[in-house]
Amino acid sequence: DGGITQSPKYLFRKEGQNVTLSCEQNLNHDAMYWYRQDPGQGLRLIYYSQIVNDFQKGDIAEGYSVSREKKESFPLTVTSAQKNPTAFYLCASSMLAGGPGELFFGEGSRLTVL
Amino acid sequence: AQSVAQPEDQVNVAEGNPLTVKCTYSVSGNPYLFWYVQYPNRGLQFLLKYITGDNLVKGSYGFEAEFNKSQTSFHLKKPSALVSDSALYFCAVRDMEDTGRRALTFGSGTRLQVQP
């Protein structure tokens, strides 16, 4: 079945450690996005990519990094520079060519910093 | 800049009664509008979208939404609520003129609680 796969679903990290969250899609979508979800704040955009080997900062990119080496994959690294990394992270994708560009979401990754 | 406001943190309704979850938006141009639903520890599921045309949009699971340009609103409605509708609901917007970022801006979410 077509969809977006995020892994791991739950992740624990010690302070000072980098961690990478995986996001893979088989929808043949051009664009991919990473959002962060905190209680009562909705979703905030971290990074997005519309084409392979290119990506742009969203609204809260500090302390995060991404890569887009393949169309299907858009991993997110939460670095030790991110001051408050405990959150629920959501990856999404959309078609770019025309249309409103509704997003399709993965099941999310919950990161807890101990 | 684009933004979305969901003025109610929580909406409580009895099963079988109609429900409304409110959303207002702000964009420079014309909007694309969306509703998503989220169950605990899950991703967001698409419910419906407004692109253009009819102001009443029908979506999944019996939900519908009414676009009102003068009030810049896009309220989610359902004629008869089910207990299984209890979840977190997000409204989102994208400016049609945005051909660059093309990312959706989300509201803070409204928790819908349907009592048996």
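Residues numbered from 1 in each chain as written. Chains lettered and ligands numbered in written order. Predicted model: local features only at pLDDT ≥ 70, side-chain atom pairs only at ≥ 80, totals over all residues. Heavy atoms only, no water.

A. Local environment of the pattern of salt bridges. Residue and element names in this part refer to chain A. Summed over all chains, the structure comprises eight salt bridges over all chains. One salt bridge in this structure joins Arg36 and Asp38, with 2.8 Å as the shortest N-O distance. With relative accessibility at 3%, the residue Arg36 sits in the buried group. The buried category is assigned to Asp38, whose relative accessible area is 10%. (Salt bridge = Lys/Arg side-chain N within 4 Å of Asp/Glu carboxyl O. Buried < 20%, exposed > 50% of the residue type's maximum accessible area, 1.4 Å probe, protein only.)

B. Layout of a nonpolar patch on the surface. All names here are of chain A. Among the surface-exposed residues, Tyr10, Phe12 and Leu114 lie close enough to one another that they form a single nonpolar patch of about 380 Å² accessible area. Within the secondary structure layout, Leu114 lies in the segment after strand E11 (109-113). A relative accessible area of 64% means that Leu114 is categorised as exposed. (Patch = residues over 30% accessible without salt bridge, like charges linked within 9 Å, V, L, I, M, F, W, Y side chains within 5 Å. Areas by Shrake-Rupley, 256 points an atom, 1.4 Å probe, with all protein chains shown as cover. Helix = DSSP H or I, 4+ residues; strand = E, 2+ residues; numbered from the N terminus.)

C. Summary view of the packing of aromatic side chains. Scanning all chains against the criterion turns up 15 aromatic pairs over all chains. Centre to centre, the rings of Tyr36(B) and Phe106(B) are 5.9 Å apart; their planes meet at 55°, and the pair counts as tilted. Taken together, the positions of Tyr36(B) in strand E5 (residues 31-38) and Phe106(B) in strand E11 (residues 105-106) put the pair 70 residues apart, joining distant regions of the chain. Assigned by exposure class, Tyr36(B) and Phe106(B) land together as buried. What links up through ring pairs into an aromatic cluster is the set Tyr35(A), Phe105(A), Phe34(B), Tyr36(B), Phe46(B), Phe90(B) and Phe106(B). (Phe/Tyr/Trp six-rings, centres within 6.5 Å; stacked < 30°, edge-to-face > 60°.)

D. Local environment of the nonpolar core. Counting residues in each nonpolar core, the largest one holds 27 residues, and the members touching the most others are Trp35(B), Leu47(B), Leu48(B), Phe74(B), Leu76(B) and Tyr89(B). Only strand E2 (10-14), strand E3 (19-21), E5, strand E6 (44-50), strand E8 (64-68), strand E9 (73-78), strand E10 (87-95) and strand E12 (110-115) of chain B provide two or more residues apiece to this core. Sort the elements by how many residues they give to this core and E10(B) lands first, with four residues. Setting aside its immediate chain neighbours within four residues, Phe74(B) contacts Cys23(B), Leu33(B), Phe34(B), Trp35(B), Leu48(B), Lys49(B), Tyr50(B), Val57(B), Ala65(B), Glu66(B) and Phe67(B). Formed by 22 residues, the second largest nonpolar core is a distinct cluster that contains Leu43(A), Ala92(A), Phe105(A) and Phe90(B). (Core = buried A, V, L, I, M, F, W, Y, C linked by side-chain atoms within 4.5 Å. Contact = heavy atoms within 4.5 Å.)

E. Quick look at the sheet that holds strand E8 (residues 76-78) of chain A. Residue and element names in this part refer to chain A. The strand order E1-E3-E8-E7 describes an open sheet built from four strands, whose pairing is antiparallel. Strand pairing shows two members of the sheet lacking a second neighbour, strand E1 (4-7) and strand E7 (64-66), which therefore form its edges. Along the sheet, successive strands turn relative to each other by an average axial angle of 20°, direction set aside. (Pairing = 2+ DSSP bridges. Axes fitted to C-alpha atoms, helices over the stretch in contact; angles between N-to-C directions.)

F. Inspection of the state of the cysteines at higher detail. On inspection of all chains with the given rule, the structure shows two disulfides over all chains. Note on cysteine connectivity: Cys23(A) is disulfide-linked to Cys91(A), with sulfurs 1.9 Å apart. Judged by the sign of its S-S torsion, about -75°, the bond between Cys23(A) and Cys91(A) is left-handed. Here the residue Cys23(A) occupies a position in strand E3 (residues 19-25), and Cys91(A) occupies one in strand E9 (residues 87-94), the gap between them amounting to 68 residues. Taking the relative accessible area as the measure of exposure, Cys23(A) reaches 0% and is therefore buried. Paired by a disulfide, Cys23(B) and Cys91(B) hold their sulfur atoms 2.0 Å apart. What sets the handedness of the Cys23(B) and Cys91(B) disulfide is the S-S torsion sign, and at about -60° it is left-handed. A residue pair is termed long-range when its members are at least 10 positions apart, and Cys23(B) in the loop between E3 and strand E4 (24-26) and Cys91(B) in strand E10 qualify at 68 residues. Judged on exposure class, the residue Cys23(B) and its partner Cys91(B) are both buried. (Disulfide = S-S within 2.5 Å.)

G. Seen up close, the interface of chain A and chain B. With 28 residues of chain A at the contact, the number on the chain B side is 22 residues. Here chain A meets chain B over a buried area of about 2,000 Å², counting both sides, of which 49% is carbon and sulfur. At the junction of chain A and chain B, the tally comes to two salt bridges. Glu107(A) is paired through a salt bridge with Arg42(B); the nearest N and O atoms lie 2.2 Å apart. Counting every contact that joins chain A to chain B gives seven residue pairs in polar contact (both at pLDDT 80 or more). Of all the elements in the fold, those that place two or more residues in the side of chain A that touches chain B are strand E4 (31-38), strand E5 (42-51) and E9 of chain A. Examining the composition of the side of chain A that touches chain B, we find that five residues originate from one element, E5(A), more than from any other. Grouping the amino acids of the side of chain A that touches chain B by side-chain chemistry returns 13 nonpolar, 10 polar and five charged. (Buried area = accessible area lost by both parts, 1.4 Å probe. Polar contact = N/O pair within 3.5 Å; in protein donor to acceptor, adjacent residues only side chain to side chain. Nonpolar A, V, L, I, M, F, W, Y, C, P; charged D, E, K, R; others polar.)

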